[in-house]
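# Overview (structure and organization)
Read off the chains here:
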There are 4 protein chains.
Amino acid sequence: WEGEFFPGIPTIKYEGPTSKNPLSFKWYNAQEEILGKKMKDWMRFSVAFWHTFRGSGADPFGSATKNWPWEDGTNSLAMAKRRMRANFEFIKKLGVDLWCFHDRDIAPDAETLEETNKNLDEVVALAKKLQGTKIHPLWGTSQLFLHPRYMHGAATSSEVGVYAYAAAQVKKAMEATHYLGGENYVFWGGREGYQTLLNTDMERELDHMARFLEAAVAYKKKIGFNGTLLIEPKPQEPTKHQYDWDAATSANFLRKYGLIDEFKLNIECNHATLSGHSCHHELETARINGLLGNIDANTGDPQVGWDTDQFLTDISEATMVMLSVVRNDGSLTDLVRKRYQSFDTEIGTKIEAGKADFEMLEKKAMEWGEPKVPSAKQELAEMIFQSAL
Amino acid sequence: WEGEFFPGIPTIKYEGPTSKNPLSFKWYNAQEEILGKKMKDWMRFSVAFWHTFRGSGADPFGSATKNWPWEDGTNSLAMAKRRMRANFEFIKKLGVDLWCFHDRDIAPDAETLEETNKNLDEVVALAKKLQGTKIHPLWGTSQLFLHPRYMHGAATSSEVGVYAYAAAQVKKAMEATHYLGGENYVFWGGREGYQTLLNTDMERELDHMARFLEAAVAYKKKIGFNGTLLIEPKPQEPTKHQYDWDAATSANFLRKYGLIDEFKLNIECNHATLSGHSCHHELETARINGLLGNIDANTGDPQVGWDTDQFLTDISEATMVMLSVVRNDGSLTDLVRKRYQSFDTEIGTKIEAGKADFEMLEKKAMEWGEPKVPSAKQELAEMIFQSAL
Amino acid sequence: WEGEFFPGIPTIKYEGPTSKNPLSFKWYNAQEEILGKKMKDWMRFSVAFWHTFRGSGADPFGSATKNWPWEDGTNSLAMAKRRMRANFEFIKKLGVDLWCFHDRDIAPDAETLEETNKNLDEVVALAKKLQGTKIHPLWGTSQLFLHPRYMHGAATSSEVGVYAYAAAQVKKAMEATHYLGGENYVFWGGREGYQTLLNTDMERELDHMARFLEAAVAYKKKIGFNGTLLIEPKPQEPTKHQYDWDAATSANFLRKYGLIDEFKLNIECNHATLSGHSCHHELETARINGLLGNIDANTGDPQVGWDTDQFLTDISEATMVMLSVVRNDGSLTDLVRKRYQSFDTEIGTKIEAGKADFEMLEKKAMEWGEPKVPSAKQELAEMIFQSAL
Amino acid sequence: WEGEFFPGIPTIKYEGPTSKNPLSFKWYNAQEEILGKKMKDWMRFSVAFWHTFRGSGADPFGSATKNWPWEDGTNSLAMAKRRMRANFEFIKKLGVDLWCFHDRDIAPDAETLEETNKNLDEVVALAKKLQGTKIHPLWGTSQLFLHPRYMHGAATSSEVGVYAYAAAQVKKAMEATHYLGGENYVFWGGREGYQTLLNTDMERELDHMARFLEAAVAYKKKIGFNGTLLIEPKPQEPTKHQYDWDAATSANFLRKYGLIDEFKLNIECNHATLSGHSCHHELETARINGLLGNIDANTGDPQVGWDTDQFLTDISEATMVMLSVVRNDGSLTDLVRKRYQSFDTEIGTKIEAGKADFEMLEKKAMEWGEPKVPSAKQELAEMIFQSAL
């Protein structure tokens, strides 16, 4: 494949909200400063290699519908390299400087693990060259779900051979991420879960998962990789029930096994809604637990029970997501602060300091009589929010 | 009200599976021994005062449909005492020896907290007398949701006066539970949650909830109450999102605030399914985290998005619930044990002991080549389970 | 109660999008013309008496939290009249000219149906006077769900006495609606459904419902009421499964019983989402079936399984609703028209006229070879839509 | 491939409920008579070719895990014939006499439609031979979803060329089904629906679907195929919203376009639950509308939002399904009949005959006073049902 992969597509520019050009930024102006920070630093867009270059448009009832002209129908090493060149042309034309990848999406499986690793090395070396000085991975990860060996899980497989294989794969993918200057390494446990509890020893599987992650932490330190390790919660799909169900479940796991200081979370909006929460809730739960590491700001369909992984085009939802990132003073913050002002008192301060026992409180309750309870002003808060869009 | 409340209804007896009498036990034979324990000790049925005597059959679109002949339309102290007598006639005719209650369901609110407490004292004294030597509460709790003062929560209300009132109420209810010989004290945070995050400081509210529970623990110890404190998770309803969403969320909260050793969980099946899990999953999650305290083995409707709190009549579901209680050897346990046998090896043992690092595992993975992955035998497990019903 | 009900609240005015006054219209400017029609005629806002004056803020776990100062705690006729005066002050201050009501919400139940009817007559006479010449009901309806007699349904109750009572109630409410100049009469079958099919003869119940609606049509004609009869679909709540599940289910019912020309639908957005559809889908389904009669443009919470009946504050959703009302040429319409242009051909026209049989089509398919299938441009459509907000 | 496909697996026999052999029938005894009919005639089990022989165990995140030894990795004609022989060995060893198929699952796609049809002819000829005199298809159908040409639908594609291609494919598949002695022909509109209404002309698409089905009816009659045409409702997946959402939606469509007498429904339990109904509800809805044609008695997972298409192993659910097939007198039927007995009266009969107008009913309502409303005995009905398992 010679020449450009996307001929006729120039670098995408900021053209402002009135532009009718679909291939332009209407609001995102990378260098513009907002609250003392450039927009590109508030919103660190990263190109996901698998969605962009390996997504085929297939679904459980349909075969591939997306056919790039440079694909030759094989999963050869040569094809992998060609795709990687397309990837960097895409990244540059988009004007971003971050990308992310799974090991098996960028390089093909071979007969043995040794040869597979060699494939990965070759593609990673090319990527390193193409990255230049400005581009690097937001994160790398290993694909521990597509190959049939992972049908019952990777770290939580009932087969010890699979556990070992997964460990070897993560080891290598972590090395590659480190070599490419990646900022984070992600664990998405798509197959770490069960189809039915009737055939599953959930406790033993969770113990295995903890051992696996401990070994990952140890290896990270050994090779001097300073990036953050991220867990990406998802409630289900492909399994009936995944172990990293949501932010709180993942936090509990990390606390139970003493891993809370070694990991953060990668919150994906569509995973949030599948688990019965709003994306905003999951982001806030991660933040409150000191675990907000990264955001996959996609969207799903509220009437559909699987991950549609769509672009987040709804401006209300997108703004809601940014609320957990940008903390800014304004009429909404003000409304919230005022709601709790009765705790900004002597007794409130005692309560918050853990110095108000039930007897003291009972005395107060009797002294005060029936408390007055004002409105929480939900509609007003919604109106302030929508007016700001 | 003189005489019997349920005239013509005798004590309910075990009559065996062929009985056509709807008011008989078909399978439950209290004194029969199963696996070395009496059925009454495996299944500790407890009469819930509120469902049985305060449930009116109303719903959000309909007024009361259930009218006991002894009710006079008031919520007077005399009425409360009459109801308590009905309660004990019911318990005795059912042949069980446990009951449970909310403070405000057994005794009426009055103008002031002092008078309300006096009302409670009178009813509790009567209950104590009626209990005799055989009957006692499985648990007591306080109703921190019905009164309008709790519209924004109790321990997580934005109003400090409400926090104090709730503390005083729990203090009193805990004393009553202790006095009646209760085995547990339950916290169901029906209003501890939010309607919208736009007007909510979730972090501050969770801190308040932790302070409240710490004070409850301190008070429990102070009065020498040795019962277990239980948290009852529920994802939502009445609030849009409750803080004790599910077992894992509750466990994370308890761990974060250092309360994990002071509480256990009260798992309700219908709450489990509303949170997107099976009841079996929630029970196992509680068990694995060392938090399985009590079970509310009700059922809901799989197509309905609210708590219907129905009797668990489905025998498959009921058996599934007992799986987390009764650990017994059999063909299912056997099937599960065999699935994981590759970890009952030298390398498996090392992994489970945290002594297998990524380099050792990589070496093994290369040595072993592609792992063999057998079927997980889901259909066989389901067949074994259904055959046992 | 003397004087104003809402003292200090002036008539609500249009103040434009930059106004910070929460009690002002930011976008709605009643007299402004859009596409040749005044905004007030595009958006015919109507005050719902029950939400505004009878909604108590109670929920299944909490008692009333909303206490109007003019309420005296009774459901007396005097109270009903006072409320009606508050209603018209509210309507006038809001600057709208439509309202809607349930019979039992505006006037109290009495001991007998005759006296209840007399109560209704008195309140209706007052409302007629207060309406003046500018205000009238968008619709009236009867409350066939709150009273315990309707616990198993009204037209579909298993009790013939309830069926008769409901008929009498609808007869009277229809007369009242007619007298007040109402434009529509609504049937919301909140209790027409079942809790379990095990105790239900669904076929017989549906036959009864059809008989009931036939009788309503006959009576409407007899009294010369020219308003539209509307069915308001809802999937469930209060029942486990309602008969008017969604627009398509209601349409099927109307077709089966030959009632399709006598009714239209009142689509409520929150009911739509509870039935698994978007509001836009339900509106389009109603429109395509010639049944779009009225819109209850509320909203719900996507993570909650019951009707929260909130104000529709989200601007994307609100715009989507208006798409079924306002048909306007623009880039989106254009995109859709172009998608189907291959049917604007000779063979396409034959297909659409029902003149293309399988043999003719097979010949074409063989002649044409593999068809080319272009992208459906979903993201572009979403971008056009969001840009227009 | 020589010899047996399933060596060592004998014909499956009835061995009774106590058998521990997983490859035996525990309750199904084909020749045993129940209520005057053989079990094989009550439960007409049919082998689905695609699940059994083309299901690969892949899912959206995983590649194939099920590898039959006779598969050579190709989709050649020779492979198709080999599979067909495996199919009939399987059917015979199972002891059933029905099977069902998609055109493209039994024979491979070729370059042109003509050649593809030739492939189908060859495989169908072999199947005809292998069927012998005892075996025949319960139904045939065409696969109008897997090939990328159907990405926007088949009969409802925006491309006329796709419509024509689909017509040609159904024509051929209907001929094959007729030739093999099939009893039914099924339409499952997996791609007949939309991803977003923003780019969709739903009305025009539904018109096209009706035209397509009209042409199918005409062709069926032309070739003398007397089998039943079946529509299989499914709410979504692969599309965001399918047109044949559920039984009532399909019935409305058939009524609207005058096709109600030409089609029946094929109810699939997992599709039922995805649409928010119980399977029992969908079966009853089909039955009441005179549309109960066939049952796909599978099951799904109540906590999962996609079609898992599992074997129905739960005995309560399985029995519930049979309730719509077997109408038998018993205590449950009796309970239901008694509930409605107030309609078995003079006035009830008038109502059911459409001879009771609102005035007559009002008179009755006033004469009778407040109706008495007995319990619906839900728990008793559930107890009767569970006791019968």
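Only a predicted model underlies this, so the values are computations on that prediction, with no experimental measurement involved. (Residues numbered from 1 in each chain as written. Chains lettered and ligands numbered in written order. Predicted model: local features only at pLDDT ≥ 70, side-chain atom pairs only at ≥ 80, totals over all residues. Heavy atoms only, no water.)

## Structural notes on the overall build of chain A
- Scanning chain A from N- to C-terminus turns up 15 helices and 13 strands.
- Its C-alpha atoms put chain A at 80 × 60 × 45 Å along the principal axes.
- In chain A, which comprises 389 residues, the proportion classed as buried is 56%.
- A sequence separation of at least 24 residues applies to 69% of the contacts in chain A between residues at least 6 apart.
- When the accessible surface of chain A is summed, it comes to about 16,100 Å², and 54% of that surface belongs to carbon and sulfur atoms.
- Charge separation in chain A, taken as the distance between the mean sites of 45 positive and 55 negative side-chain charges, equals 5 Å. (Helix = DSSP H or I, 4+ residues; strand = E, 2+ residues; numbered from the N terminus. Buried < 20%, exposed > 50% of the residue type's maximum accessible area, 1.4 Å probe, protein only. Contact = heavy atoms within 4.5 Å. Areas by Shrake-Rupley, 256 points an atom, 1.4 Å probe, with all protein chains shown as cover. Lys, Arg positive; Asp, Glu negative; His and termini not counted. Charge placed at Lys NZ, Arg CZ, Asp CG, Glu CD.)

## Comments concerning the environment of valine 321 of chain D
Residue and element names in this part refer to chain D.
- You can see valine 321 is positioned in helix 11 (residues 315–323).
- With 74 residues separating them in the primary sequence, valine 321 and alanine 247 have C-alpha atoms 15 Å apart.
- Filtering out sequence-adjacent residues up to four positions away, valine 321 remains in contact with Cys269, Cys279, Leu283, Ile295, Ala297 and Leu312.

## Digging into the interface of chain A and chain B
- Each partner contributes residues to the interface: chain A has 96 residues there, and chain B has 96 residues.
- Run the count over chain A and chain B and you get twelve salt bridges.
- As a salt-bridge pair, glutamate 370 of chain A and arginine 149 of chain B come within 2.8 Å of each other at their nearest N and O atoms.
- Put simply, chain A and chain B have 43 residue pairs in polar contact (both at pLDDT 80 or more) between them.
- Counting residues per element, the side of chain A that touches chain B draws most heavily on helix 7 (residues 202–222) of chain A, at twelve residues.
- Residue composition of the side of chain A that touches chain B, by class: 45 nonpolar, 26 polar and 25 charged. (Salt bridge = Lys/Arg side-chain N within 4 Å of Asp/Glu carboxyl O. Polar contact = N/O pair within 3.5 Å; in protein donor to acceptor, adjacent residues only side chain to side chain. Nonpolar A, V, L, I, M, F, W, Y, C, P; charged D, E, K, R; others polar.)

## A look at the relation of the copies chain B and chain D
- Each copy of the sequence occupies a distinct position, and chain B is placed on chain D by a rotation of 180 degrees and an axial shift of 0.0 Å, giving an RMSD of 0.0 Å. Read as a symmetry element, the transformation amounts to a two-fold axis. When C-alpha positions in chain B are compared against the rotation axis, the closest is assigned to proline 302 of chain B, at 3.2 Å.
- When the interface residues of chain B are mapped onto chain D, 100% of them again fall at the interface, so both copies present the same face. (Least-squares fit on C-alpha atoms with pLDDT ≥ 70 in both.)

## Observations concerning a nonpolar patch on the surface
- Together, Ile315 and Leu389 of chain A together with Ile315 and Leu389 of chain C give the surface a local cluster of nonpolar side chains, amounting to about 260 Å² of exposed area.
- Among the secondary structure elements, isoleucine 315 of chain C is positioned in helix 11 (residues 315–323). (Patch = residues over 30% accessible without salt bridge, like charges linked within 9 Å, V, L, I, M, F, W, Y side chains within 5 Å.)

## Observations concerning the domain arrangement of chain A
All names here are of chain A.
- Domain annotation of chain A identifies domain 1 (33–331) and domain 2 (332–387).
- Taking only C-alpha atoms into account, the centre of domain 1 sits 40 Å from that of domain 2.
- Contacts between domain 1 and domain 2 engage eight residues on the former and eight residues on the latter.
- Taken together, the two surfaces of domain 1 and domain 2 that pack against each other cover about 550 Å², and 53% of this comes from carbon and sulfur.
- The largest contributions to the domain 1 side of the interface with domain 2 come from Ser316, Gly330 and Ser331, which together make up 60% of the buried area.
- At the boundary of domain 1 with domain 2, the tally comes to zero salt bridges.
- In this assembly, domain 1 and domain 2 are joined by two residue pairs in polar contact (both at pLDDT 80 or more).
- At four residues, helix 11 (residues 315–323) tops the list of elements feeding residues into the side of domain 1 that touches domain 2.
- Of the residues that constitute the side of domain 1 that touches domain 2, the class distribution is two nonpolar, five polar and one charged. (Domains from an automatic or database assignment. Buried area = accessible area lost by both parts, 1.4 Å probe.)

## Examining the relation of the copies chain A and chain B
- With an axial shift of 0.0 Å and an RMSD of 0.0 Å, the rotation relating chain A to chain B amounts to 180 degrees.
- A share of 100% of the interface residues of chain A reappears at the interface of chain B, consistent with the copies meeting face to face through the same patch.

## A word on the packing of aromatic side chains
- A complete count under the given rule lists 112 aromatic pairs over all chains for this structure.
- The interplanar angle of 80 degrees and the centroid separation of 5.9 Å between the aromatic rings of phenylalanine 6 of chain B and tryptophan 68 of chain B together place this pair among those described as edge-to-face. Of this pair, phenylalanine 6 of chain B sits in the segment before strand 1 (13–14) while tryptophan 68 of chain B is found in the loop between helix 2 (49–54) and helix 3 (77–94), placing the two residues 62 residues apart along the sequence.
- Assessed through its relative accessible area of 25%, tryptophan 68 of chain B is described here as partly exposed.
- An angle of 50 degrees between the planes, with centres 4.9 Å apart, marks the rings of phenylalanine 253 of chain C and tyrosine 257 of chain C as tilted.
- By relative accessible area, which is 6% here, phenylalanine 253 of chain C ends up buried.
- Note on tyrosine 257 of chain C: relative accessible area 18%, which makes it buried.
- Every member of this aromatic cluster is reached through a ring pair, and the members are Trp1, Phe5, Phe6, Phe49, Phe53, Trp68, Trp70, Phe88, Phe90, Trp99 and Phe101 of chain A.
- We note arginine 149 of chain A situated over the ring of tyrosine 165 of chain A; from NZ or CZ to the ring centre the distance is 3.7 Å.
- The ring centre of tyrosine 179 of chain D lies 5.0 Å from the NZ or CZ of lysine 128 of chain D, which sits over that ring. (Phe/Tyr/Trp six-rings, centres within 6.5 Å; stacked < 30°, edge-to-face > 60°. Lys NZ or Arg CZ within 6 Å of the ring centre and 35° of its normal.)

## Remarks on the sheet that holds strand 6 (residues 184–187) of chain C
Residue and element names in this part refer to chain C.
- The strand order across the open sheet built from seven strands is 3-4-5-6-8-10-11, with neighbouring strands paired in parallel fashion. One side of each edge strand has no neighbouring strand; the edge strands of this open sheet are strand 3 (47–48) and strand 11 (292–296).
- Note that strand 6 and strand 8 (residues 228–231) share four bridges and pair parallel. Bridge pairing links tyrosine 185 to leucine 229 in strand 8.
- Strand contacts of helix 6 (residues 160–179): strand 4 (98–102), strand 5 (136–141), strand 6 and strand 8, with the helix running at about 150 degrees to strand 6, the strand carrying the most contacts. (Pairing = 2+ DSSP bridges. Axes fitted to C-alpha atoms, helices over the stretch in contact; angles between N-to-C directions.)

## Observations concerning the packing of helix 6 (residues 160–179) of chain D against helix 7 (residues 202–222) of chain D
All names here are of chain D.
- The geometry of helix 6 relative to helix 7 is characterised by a closest axis approach of 11 Å and an angle of 30 degrees between their N-to-C directions. In terms of axis orientation, helix 6 runs roughly parallel to helix 7. For the pair helix 6 and helix 7, the crossing hand works out as right-handed. Of helix 7, the residues touching helix 6 (which contributes Tyr163, Ala166, Ala167, Val170, Lys171, Met174 and Glu175) are His208, Arg211, Phe212, Ala216, Tyr219 and Lys220.
- Across the contact of helix 6 with helix 7, the residue classes tally to eight nonpolar, one polar and four charged. (Parallel < 35°, antiparallel > 145°, perpendicular 65-115°, else oblique. Left-handed = near helix turned anticlockwise from the far one by under 90°.)

## What to know about the side chain of aspartate 314 of chain B
- In this structure, aspartate 314 of chain B sits in the loop between strand 15 (310–311) and helix 11 (315–323).
- The buried charged residue aspartate 314 of chain B lacks any salt bridge partner; its closest oppositely charged side chain belongs to lysine 240 of chain C, at an N-O distance of 13 Å.
- Of note is the side chain of aspartate 314 of chain B, whose polar atom sits 3.1 Å from the backbone nitrogen of serine 316 of chain B.
- Not counting residues up to four positions away in its chain, the partners in contact with aspartate 314 of chain B are Ser316 and Gln386 of chain D.

## Topic: the side chain of arginine 204 of chain C
- Within the element layout of this structure, arginine 204 of chain C appears in helix 7 (residues 202–222).
- There is a polar contact of 2.7 Å between the side chain of arginine 204 of chain C and the side chain of glutamate 352 of chain D.
- If we skip the residues at most four places from it in the chain, arginine 204 of chain C touches Tyr340, Phe343, Asp344 and Glu352 of chain D.

## Digging into the interface of chain B and chain D
- Facing 21 residues of chain B, the contacting portion of chain D comprises 21 residues.
- Of the roughly 1,500 Å² buried at the junction of chain B and chain D (both faces included), carbon and sulfur atoms supply 53%.
- Looking at the side of chain B facing chain D, the largest losses of area belong to Gln303, Thr313 and Gln386 of chain B, adding up to 30% of the total buried there.
- The tally of links from chain B across to chain D stands at zero salt bridges.
- On inspection of chain B and its partner chain D, the count reaches eight residue pairs in polar contact (both at pLDDT 80 or more).
- Top contributing element to the side of chain B that touches chain D by residue count: helix 15 (residues 378–387) of chain B, with six residues.

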